Structure formats: structure tokens, C-alpha cells
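Here is what each chain is made of, one letter per residue.
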Amino acid sequence: MQTTWKGTISFGLVSIPVHLYSATQEHDVPLHQVHAKDGGRVRMKRYCEQEEKEVPYAEIAKGYESPDGRTVTLSDEDLADLPLPSKKIIDVLAFVDEGEIDPLMFSKAYYVGVADKAAAKPYALLRDALTESGQIAVTKIALRTRESPAVLRVHDNTLVLQTCIWPDEVRPVAGIAPEGDVTVRPQELKMARSLMDTLSEDFDLAQLHDDYQQALQQVITARLEGVEVPHEEEPGEAPDNVIDLMEALRSSLKQAKGGRGAEGAGAGEAGAGEEPAPRKRAPARKTAPKASPKSAEKSAEKSVEKTSEKASAKTSGTGATRSPAAKRTATRKSSAPRKAS
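Residues numbered from 1 in each chain as written. Predicted model: local features only at pLDDT ≥ 70, side-chain atom pairs only at ≥ 80, totals over all residues. Heavy atoms only, no water.

S.K.: I tried to follow the environment of Q135 on my own but got confused; where do I start?
M.R.: Mapping Q135 onto the fold places it in strand β10 (residues 135–143). Using a relative accessible area of 26% as the deciding quantity, one classes Q135 as partly exposed. Each C-alpha atom of the pair Q135 and R153 lies 7.6 Å from the other, and the pair is 18 residues apart in sequence. (Helix = DSSP H or I, 4+ residues; strand = E, 2+ residues; numbered from the N terminus. Buried < 20%, exposed > 50% of the residue type's maximum accessible area, 1.4 Å probe, protein only.)

S.K.: I keep staring at a negative patch on the surface and nothing clicks. Help me out?
M.R.: Among the surface-exposed residues, E26, D28, D210, D211, E232 and E233 lie close enough to one another that they form a single negatively charged patch. Summarising the element assignment, E233 is placed in the loop between α4 (211–225) and α5 (245–256). (Patch = residues over 30% accessible without salt bridge, like charges linked within 9 Å, V, L, I, M, F, W, Y side chains within 5 Å. Areas by Shrake-Rupley, 256 points an atom, 1.4 Å probe, with all protein chains shown as cover. Salt bridge = Lys/Arg side-chain N within 4 Å of Asp/Glu carboxyl O. Lys, Arg positive; Asp, Glu negative; His and termini not counted. Charge placed at Lys NZ, Arg CZ, Asp CG, Glu CD.)

S.K.: Just checking my understanding: could you explain the side chain of S148 for this structure?
M.R.: Checked against the element boundaries, S148 lands in strand β11 (residues 146–155). By relative accessible area, S148 is classed as buried at 5%. Setting aside chain neighbours within four positions, we find S148 in contact with K140, I141, T163, C164 and W166. (Contact = heavy atoms within 4.5 Å.)

S.K.: Teacher, can you tell me more about the sheet that holds strand β7 (residues 89–91) here?
M.R.: In sheet architecture, strand pairing relies on hydrogen bonds along the backbone and comes in two forms, parallel and antiparallel. One open sheet holds the eight strands; their spatial order is β7-β1-β2-β9-β12-β11-β10-β8, and the pairing between them is mixed. With one partner strand each, in any of the chains shown, β7 and β8 (94–97) form the two edges of the open sheet. Sheet twist, expressed as the mean angle between neighbouring strand axes with direction ignored, is 40°. (Pairing = 2+ DSSP bridges. Axes fitted to C-alpha atoms, helices over the stretch in contact; angles between N-to-C directions.)

S.K.: Help me understand the nonpolar core in this model?
M.R.: One broad rule of soluble globular proteins: the nonpolar side chains tend to lie buried together. Among the nonpolar cores identified, the biggest contains 20 residues, and I9, L20, V112, I141, L152 and L161 are the most heavily contacted of them. Listed by contribution, the elements that provide at least two residues to this core are β1 (3–11), β2 (14–22), β9 (106–114), α2 (120–133), β10, β11 and β12 (158–164). Discounting chain neighbours no more than four positions away, the residues touching I9 are V14, S15, I16, V18, I90, V92, V112, L126 and L152. Ranked by size, the runner-up nonpolar core spans six residues in total, among them I101, M105, V151 and C164. (Core = buried A, V, L, I, M, F, W, Y, C linked by side-chain atoms within 4.5 Å.)

S.K.: How do you make sense of the packing of aromatic side chains when you look at a structure like this?
M.R.: The geometry of an aromatic ring pair comes down to the distance between the two centres and the angle between the two planes. Within the structure shown, the criterion is met by one aromatic pair. Geometrically, the ring pair formed by F11 and F95 is edge-to-face, given 5.8 Å between the ring centres and 75° between the ring planes. Placement of F11 in strand β1 and of F95 in strand β8 is noted, with a sequence separation of 84 residues between them. Its end group placed over the ring of Y110, K108 keeps NZ or CZ at 5.9 Å from the ring centre. (Phe/Tyr/Trp six-rings, centres within 6.5 Å; stacked < 30°, edge-to-face > 60°. Lys NZ or Arg CZ within 6 Å of the ring centre and 35° of its normal.)

S.K.: Would you explain unusual backbone geometry in this entry?
M.R.: Where the residue is not glycine, phi is negative for most of them; where a peptide bond is considered, it is trans in most cases. Despite not being glycine, E52 has its phi angle at roughly 55°, a positive value. The backbone of N157 sits at a positive phi, close to 65°, despite the residue not being glycine. In this fold, N157 is placed in the loop between β11 and β12. Overall, N157 belongs to the exposed group, its relative accessible area being 52%.

S.K.: Mind showing me how you'd approach the pattern of salt bridges here?
M.R.: Where side chains of opposite charge bring their charged atoms close, a pairing between them can arise. Evaluated as defined, the whole model comprises seven salt bridges. The residue D128 makes a salt bridge to R127 at a minimum N-O spacing of 3.2 Å. For R127, a relative accessible area of 16% corresponds to the buried category. The shortest N-O distance in the salt bridge between R146 and E169 comes to 2.8 Å. One end of the pair, R146, is in strand β11; the other, E169, is in the loop between β12 and α3 (186–200), with 23 residues separating them in the sequence.

Now the structure itself:
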């Protein structure tokens, strides 16, 4: 791993020779500028306006233009010889709780390694003291052409130096958040907390991946192979206003649970302690009560008996028996209620 900075951590009268190594790296698909018409490479040339010619990189220096138009040229030697105490020393100024530093101020992270074997013990002493106290060390460091505040903290049993921006470099937030009093009901807050808990189940940050880089690589591969470039279907338009916040939270909770159905969502809502607003019930329709299967059979038997009695009464004067048609009619009447059951 390439060394980024060499210096010393000053911890009271204890000095720890250390090296800094960049702790992060970004994976980007390398792109460069080309002429859209023919694909020719477009390169930026270092052009001197005074001599009207291109100059080599070795002759490039930094300059500052004053308000009255004068230019001051600063060489690499000038920047290297700045009278700056933090140029080669990471001076520990104080120890504070990590929560006292707003994460908005954090910038780039560097692993801190020892420069020699003699620094191993004081290194371990500072690391263990930070771990036991649960605090971070506030320092200052000069990297390249910038001095910045920094913190020393422990990550995976290794000291990490995290540079910060200066407090006055944080822009004010006035006028960003919604103005005026906004009332949030307890039911809405509980539903939001339930949604947060559901979305956090089995979450693993290491499983995240760069979809943009993968999609860009697919387009590049398609162009190289001369095939059709893959296109993703356009997503539907998001609603531009929230009509019912509770309904939106309820739908989000159902979607987060993976479509478990109304019962699963209802259980989650009940677990969240929701107290939904009462809904108006539609007036009930007047309908005849449904008969149970047993009562339907009894009714059918009574109907058959009455029909048989009437048929017997009609035929008793002539001494005739029931015709086959009457038997079929009685059978149909007795079987109809059983179909309904």
C-alpha cells in the first residue's frame, strides 16, 4: 500500500512515528473525452497565454492573482517550506466523545501505521486508551496544500485518521427545512417507526453494490460487441403530493414486508401500536338471515310432507295414488334446499 504521508503523532511527551495510507478507494469506469463526430481523443494541453505556446508539466507552478491583477508565483519548494507546525506532526489537542463531532464535518480517512518497531508500544497505548475510553482524539494535520482538523479513532484494532473540514466551512441550514409548525400525530410516528424496523431487518451494508457502474459497463460491452444497448423500462411517475400520510405509510409497510397480505400487514400495524382514525361504516343492507344447512333440511322435509298431504287429500276422493309426475315434483322440491346448502 502506497504511503501518503510520513510524520509523527505527538501525544503529550510521547512521540509515535507513523505513516498514513489511504483507507478508501473508489471504483469508477475510466472515461475520457473524445470528439463525438469521429471518436478522436480530445486532450487538454497546458497552454501559456504569455508565450502563446504549450509548456511541459515540469514548468508548471501554482500562482495567486491579487485583487489588483498582480500574480504571485509559488513553487513546490515554497509550499514545502511553509512555517507550519502541523506539516510533519499530528498534535493531539484534546479527547472528546465521538458524538461531539458532527459527521457532516468528516472528510477523507487514512489508516495509521507505525514507521518502525519502536513505535509499536506507544501506538498500542494510544489505541487501547481510545478504545477503553470510547473517545476520539482531536488533532490538526497538513496534507499537500491544506491544513485541516482531524480526528484519531479506532477501527478494526487500527488507528484511523479522519480529516475534517473547518467548522466555518459548514454552510448554514436556514431556510432549508419546512417553515412553520408541522403537527405529526402519534399514530403516524408509530407507523413510521414500524416501517423503519421492517426495512432494517436483516440489512447488510456489505451487500450493497454500484448499480450505475454495472449498467454503464453493460452499455460499453454492448457497444464493443455491436449489439443493441440494453434499456431499462421507465419508472412510473412518483406522486407529487401526499394526500393521506397514514395510507402512504401503511402501503409502504405492506410493500416492505414483501406482500405478505392483509393479515401480515395488519399484524405489523397492531404491533406498532397504531390507533387509526375511525372510519364511517356504510349502512347495512336489510337481507334475510341465512339459514343453516340443518334448518334448510328440516324446512325441506316439512315442505315435502305438506305437499304429500295435499296430494293425498286431492286423491283421497277418487282412491287414486300419486302420479309419477307428482313424485318427481316432490323430489325436486326436497332436493332444491340441499343444493343451496
